[in-house]
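# Coordinates in review
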Amino acid sequence: MKTVKNMFGKDRRKQKVLQEGNQQDASAISQNVDESAEILPRRPFTCVKIPGRGFGMVANRDIKKGELILEEKPILTLAPIDVDNNAGEQHVTVAGIMKQYNMLSRSDQNKIKQLHSVSEPKTILGIIQANSFVRGVISEESVLCIESSRFNHSCRQNVSHGYVAEKDVERIVACRDVKEGEELLTCYAPPFDSYSSRQAVLRCHYGFECDCVVCAAPPEERKQNDKLREQFKMLDKRIPEVGSLNPKEGLGLVADALRILEKLDLQLAPLLEHHYYDGFQLAKGCGQMTRAKLFAKKAAEAVAICEGETTKHKKLLSYSKNPSLHINGT
């Protein structure tokens, strides 16, 4: 069983954005670019200007929970280079970024230039810092995807995103029902951090403070929300620790974690898959095979939403029919 780490926010690894690096690529932004909104045909969203938020994605029809909204291949893939083994610090080199950038078509370069930058004046490095996504849960690499970067932030997101290595795509799905005209919002900050921690991340890495429905709530309501998020983090840590010694008690913690996700209205498919899979392993460890099959089926359904029909999805479906096929956590 694995603890969820850095599953939802954009890539927040410390990248040394050197002043001279910004100066090197600032000229690449200097030319005028077309800032007009792009209409995306045959898709459930439209990219439009959002007052005070730049561009954003808005639903152009009703969208059902679990519906696939976008699958997008990265336009750039960025690997950190170890520059200080003692300090363990990493950064993406300016030369490496600009080499990839210069190989792109003029059209693709223009698309990158239109994205938000954390630096002023706009630079390629500043754009990448503001818009890159982690390439998988434990990857040292990050990716830049043009359309995926247009989804703005909320701590009460209505879409979730994740990189699917098997397909080399960033995949965005609805995590609740969305009405036509509603903005599609993902979460840039660690979703189970406190209000103050989330605001600090957003100020530091993206240059804004969040005023979403969660963050704009009265102080007492925010305090209760923070408490639930902290409880979930503790449960997420305790489930593998307790479950390895007492599977039955671990199952109770899984149930508690799932109840908190429901209370927070953060029933995101990657989180559900993670905890349903924990439940499957623990139920199997208790000899509760009927319950194990149900957890495996639910985990497979969650994977189908967040990844599509991948190898993992097929494995979980097989476990839902025959839990004994699962051996040694594989």
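In short, a report on the structure. (Residues numbered from 1 in each chain as written. Predicted model: local features only at pLDDT ≥ 70, side-chain atom pairs only at ≥ 80, totals over all residues. Heavy atoms only, no water.)

### Comments concerning the state of the cysteines
Here the structure, examined in full by the defined rule, presents 0 disulfides. In this model C215 remains outside any disulfide bridge; the closest cysteine sulfur is found in C155, 3.6 Å from its own. (Disulfide = S-S within 2.5 Å.)

### Section: the packing of aromatic side chains
Tallied over the full model, the rule gives 8 aromatic pairs. Here Y277 and F280 contribute two aromatic rings whose centre-to-centre distance is 6.2 Å and whose plane-to-plane angle is 25 degrees, an arrangement assigned as stacked. In this pair, Y277 and F280 both sit in helix 8 (residues 269-285), 3 residues apart, roughly one turn of the helix. In terms of burial, Y277 and F280 fall into one category: buried. Note on F280 and Y319: the rings are 5.5 Å apart at their centroids and 5 degrees apart in plane angle, and the pair reads as stacked. With F280 in helix 8 and Y319 in helix 10 (residues 311-321), this pair connects stretches of sequence that are 39 residues apart. One exposure class covers both F280 and Y319, and it is buried. (Phe/Tyr/Trp six-rings, centres within 6.5 Å; stacked < 30°, edge-to-face > 60°. Helix = DSSP H or I, 4+ residues; strand = E, 2+ residues; numbered from the N terminus. Buried < 20%, exposed > 50% of the residue type's maximum accessible area, 1.4 Å probe, protein only.)

### Concerning helix 10
Because each turn of an α-helix spans 3.6 residues, side chains separated by three or four positions end up pointing in the same direction. Those residues of helix 10 that fall on the buried side of the exposure criterion are H313, L316, Y319 and S320. All buried residues of helix 10 fall inside an arc of 120 degrees around its axis, so they share one side. Counted as exposed and oriented over 90 degrees from the buried face of helix 10: K314 and K321. Taken together, the buried residues of helix 10 touch helix 8 and helix 9 (289-306). (Arc of directions from axis to C-beta. Contact = heavy atoms within 4.5 Å.)

### Section: the sheet that holds strand 7 (residues 133-134)
Two strands in a sheet stick together by hydrogen bonds in their backbones, pointing the same way (parallel) or opposite ways (antiparallel). The strand order 4-8-7 describes an open sheet built from 3 strands, whose pairing is antiparallel. Strands at the two margins of the open sheet, each flanked by one partner only, are strand 4 (76-78) and strand 7. Where strand 7 and strand 8 (residues 142-144) come together, 2 bridges link them in antiparallel fashion. The partner of V134 across the bridge, within strand 8, is S142. (Pairing = 2+ DSSP bridges.)

### With respect to the packing of helix 2 (residues 94-102) against helix 4 (residues 124-131)
The contact between helix 2 and helix 4 brings their axes to 11 Å, and the two run at 90 degrees. Here helix 2 is positioned roughly perpendicular relative to helix 4, judged by the angle of their axes. Within the contact between the two elements, helix 2 uses V94, I97, M98 and Y101 and helix 4 uses I124, L125 and I128. When its residues are assigned to classes, the contact of helix 2 with helix 4 shows 7 nonpolar, no polar and no charged. (Axes fitted to C-alpha atoms, helices over the stretch in contact; angles between N-to-C directions. Parallel < 35°, antiparallel > 145°, perpendicular 65-115°, else oblique. Nonpolar A, V, L, I, M, F, W, Y, C, P; charged D, E, K, R; others polar.)

### Quick look at the sheet that holds strand 3 (residues 68-72)
Taken in spatial order, the 3 strands make up an open sheet running 3-11-10, and their pairing is antiparallel. Edge positions in the sheet fall to strand 3 and strand 10 (159-164), since each has one partner strand and no second. Averaged over all pairs of adjacent strands, the angle between their axes in this sheet comes to 15 degrees, without regard to strand direction. Strand direction decides the pairing type here: strand 10 and strand 11 (residues 169-174), joined by 6 bridges, are antiparallel. Looking across to strand 11, one finds that V164 is bridged to V169.

### Concerning the nonpolar core
By size, the foremost hydrophobic cluster in this structure holds 33 residues, and its most contacted members are F192, F232, L261, F280, F295 and L316. At the level of secondary structure, the elements contributing two or more residues to this core comprise helix 6 (219-243), helix 7 (247-264), helix 8, helix 9 and helix 10. Element by element, the count of residues in this core is highest for helix 7, at 8 residues. Those residues within four positions of F192 in sequence are excluded, and the remaining contacts are R229, E230, F232, K233, L261, L264, L266 and L271. Judged by nonpolar contacts, the second largest core, of 16 residues, contains I75, V94, L104 and L144. (Core = buried A, V, L, I, M, F, W, Y, C linked by side-chain atoms within 4.5 Å.)

Shape is all these values report; function is a separate question.
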